[in-house]
Every structure is written in structure tokens, then in C-alpha cells.
Amino acid sequence: MSKSNIIQELRAQKIPIYDNSSIKTFTWCPRGYFYRHELGLEPSTPRLNPGLHFGISGHLAMESWFSPDSYKDDQKALNIFVDNFHEYEEVAKIGARGKPLKTTHSIIFGCSLLEAYFNKYRNDERKVLSLENAYAEEITEDTYLVGKIDKLLETSRGLKFCDYKFTKYMNYLLNPNPQMCGYTFLVSKLTGEKVNGEVDIIGVSKSKNPNELLIRMPVEYSEFSLSLWKESVVEQIKSIERCRERGIWPQSWDCKPFFRDCDYLPLCTSSSKEVHDEMVSRLFVIKFWDPFGEE
Ligand code: SF4
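Parameters and conventions
Residues numbered from 1 in each chain as written. Predicted model: local features only at pLDDT ≥ 70, side-chain atom pairs only at ≥ 80, totals over all residues. Near = placed C-beta within 6 Å. Helix = DSSP H or I, 4+ residues; strand = E, 2+ residues; numbered from the N terminus. Nonpolar A, V, L, I, M, F, W, Y, C, P; charged D, E, K, R; others polar. Buried ≥ 20, exposed ≤ 12 C-beta atoms within 10 Å, placed from the backbone. Contact = placed C-beta atoms within 7 Å. Axes fitted to C-alpha atoms, helices over the stretch in contact; angles between N-to-C directions. Left-handed = near helix turned anticlockwise from the far one by under 90°. Pairing = 2+ DSSP bridges. Right-handed = clockwise from strand over helix to strand, strands pointing away. Parallel < 35°, antiparallel > 145°, perpendicular 65-115°, else oblique.

Quick notes on the site of the ligand
Taken together, Cys29, Arg31, Gly32, Gln251, Ser252, Trp253, Asp254, Cys255, Cys262, Tyr264, Leu265 and Cys268 form the complete shell of residues around the ligand. Sorting the residues of the shell around the ligand by element identifies α3 (30-38) and α9 (265-268) as the ones contributing at least two each. Taken together, the residues that form the shell around the ligand break down as 7 nonpolar, 3 polar and 2 charged.

So this is what it looks like as C-alpha cells:
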């Protein structure tokens, strides 16, 4: 099934659905999963994250550039990037000589990166079948895996899914890669065909020329790799369900993911259940993860 409203229907019927992000949260820390996905807690004053919003705004610009209504309209895509990103632009630090230092997540850099992308791939005429579409397929009995795919293409070698990565890491790991295996599974199951993909790397680095930051990497998995991935996903889902049944969500103690304190540190270090519950209502809001942004 491929329509987002069908996915909302699954949720309304209380049919368990998981996506790569929620499963990865569980593998990082079951307690963190409990707070984020079972209770739906988000910090009431989120930390500014220019990198995250740089990527979100870049995705929106790409969606516009490839959509039939504004196909390859550079200016429209750039405007969308600027409108969505300007309030999150990184604030420049002042250097030893009293002058502002160059920032990575800036509007100027974002626009030059997007312009380099548009110029490099302007002649790519592969047919775009869908943009930002959500897919759900049964991964194990009565349990669905969902994923939102940036772009689905029709190519001379068959269907291809495409995922943009605005990233500092040019050596992006493709195998094993649960997100890309998940997309392969979803589109292959939907179409009944063996499907491959492409990761469209849009590197984020202030020390390189934007043209050096654009790489398209083919994604293709063997049946064996996919079976290992599927087995792992199903086992992780079973572990989540076991935690839910027992009401026990173990801590992983990996409390500085990406070198920053975990959002739930105040809860995991509270002195009593009463203090814990008071902090839940004072420091957090309930906003359940929505991989489709349509609720
Ligand atoms: S503070 Fe540490 S143990 Fe607690 S949820 Fe975060 S990562 Fe897990």
C-alpha cells in the first residue's frame, strides 16, 4: 500500500507500525524509545539544530525542483530553501581577530550547494514517478514497516528509489544500511519486482568546493543481505513488544549521542518517581513521531 491516508488508517486501527527511525531509537536506547515513542515526549524548548533544518529545507527545495509544477525551476527551489531555513541559520562565532568565522549551515552555502546540484543534474531526465510518498508493508504478522521515500524513478533498468542525504559524512555506509534495505523491501513488495536504489549525497562542508560534494551512489542488495536485515528488524520489533508487555524499558547508558546530552537525561537521573513525573510535565510536551508529517 502506498497512500499516506492508508497508513493513518493503520494507526487508527491500532495496528502496530514501525519505521527505521523508531527501530534505530530502540537499538540506541530502549529507555529513550519509551520516552520518545511510547510516551511521545519531546523537549518543550527544543535545542536549535541548524544541521537538521539545513537538511529539511534542502529536501523541500529538492521536492520542488523535481515536482511537475515547478520542474527544474531553480529560483523557486532556492526561495523554498531560504524561506524554510533562514530562522535556523547558524550564528557565526567571532574569531581571535574579532571577525565572524565562516559557518557551515548558512544560507549562502546552502544556495551555492543547491545551485551546484541543479547545474550538475539538469540533464538527468529519468522519469519521476513519485515524490515524498509514504509506503507501508507487512513485515511480520499484523505488523507493518513504513517508510517515506524521497523519490521514485522509472529508469531503463526498472524502478529505482532515491534518497537525498545532506551530510558531513561523504563515506556514507551503504551496507549494512537498515534504511536503504527497508526501502528496497517496501518498493519490491509493493511492485513485486526486484528494486534497486540510489543515495544522492549532498555533502555539507565549508572547506570543499560544492561540486566536490555531490555524489550519487547506487544501492543494491543481495537476497542474503536483505534476509539478514529482515531477520534483524523482526527481532528488534519482538524486543520492543517484550519491553511493552513487561513494562520494563532498560537504559543503555549511551547518554551523549552525537556528543550532546540525551534529551531524557533529567528523567533518567531524577531523584524519585515524583520528581521524574513532575519533570515529564514541566520539561516536555507530547508530540508523537510522525514520519509522514500529515497528522
Ligand atoms: S539518558 Fe541515557 S539511559 Fe536515559 S534515555 Fe537517554 S541514553 Fe537512555
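Let's pick the thread back up.
A short note on the environment of Glu198
Within the secondary structure layout, Glu198 lies in strand β6 (residues 196-203). Judged by the 21 C-beta atoms lying within 10 Å of it, Glu198 is buried. The sequence separation of Glu198 and Thr104 amounts to 94 residues, and the corresponding C-alpha distance is 25 Å. Among all residues touching Glu198, those that are not within four sequence positions of it are Lys160, Cys162, Arg216, Met217, Pro218 and Val219.

Here's the deal with unusual backbone geometry
The omega torsion across Asn175 and Pro176 is 5°, close enough to zero to call that bond cis. Structurally, Pro176 is set in the loop between β5 (158-167) and α7 (178-191). Positive phi, close to 65°, is recorded for Lys14, a residue that is not glycine. Looking at the element boundaries, Lys14 is found in the loop between α1 (4-12) and β1 (17-19).

Considering the packing of helix α4 (residues 50-66) against helix α6 (residues 107-121)
In the contact formed by α4 and α6, the axes pass within 11 Å of each other and the chain directions differ by 35°. Both α4 and α6 take part in a crossing whose hand is right-handed. Residues Phe54, Gly58, Ala61 and Trp65 of α4 form the contact with α6, whose own contacting residues are Gly110, Leu114 and Phe118. Looking at the contact of α4 with α6 residue by residue, the class counts come to 5 nonpolar, 2 polar and no charged.

Re the pairing of β5
Here strand β4 (residues 143-155) runs beside β5; their pairing, made up of 5 bridges, is antiparallel. When the sheet's bridge partners are listed, Glu154 is paired in β5 with Leu159. The loop that links β4 with its antiparallel partner β5 comprises 2 residues. Across 8 bridges, β5 lies against β6 in parallel orientation. Of the residues in β6, the one forming a bridge with Cys162 is Glu198. Crossover connection from β5 via α7 to parallel β6: handedness right-handed.

Details of the environment of Asn177
Looking at the element boundaries, Asn177 is found in the loop between β5 and α7. Residue Asn177 is classed as partly exposed on the basis of its C-beta count, with 19 C-beta atoms lying within 10 Å. For the pair Asn177 and Ser225, spaced 48 residues apart in the sequence, the C-alpha separation amounts to 9.8 Å.

Comments concerning the pairing of strand β3 (residues 127-140)
With 11 bridges connecting them, β3 and β4 associate as antiparallel partners. From the neighbouring strand, Ala134 faces β4, where its bridge partner is Lys148. With antiparallel pairing between neighbouring strands as the criterion, β3 and β4 make up a hairpin whose turn holds 2 residues, including Asp142 at a positive phi of roughly 55°.

Overview of the packing of helix α5 (residues 74-85) against α6
Helix-helix packing is characterised by the crossing angle of the two axes and by the distance between the axes. Look at α5 against α6: their axes get within 10 Å of each other, and the N-to-C directions meet at 150°. On the basis of their axis angle, the class for α5 and α6 is roughly antiparallel. For the element pair α5 and α6, the recorded crossing hand is right-handed. Taking contact as the criterion, the partners of Asp74, Ala77, Leu78, Phe81, Val82 and Phe85 in α5 are, on α6, Ile107, Gly110, Cys111, Leu114, Glu115 and Phe118. Looking at side-chain class alone, the contact of α5 with α6 contains 9 nonpolar, 1 polar and 2 charged residues.

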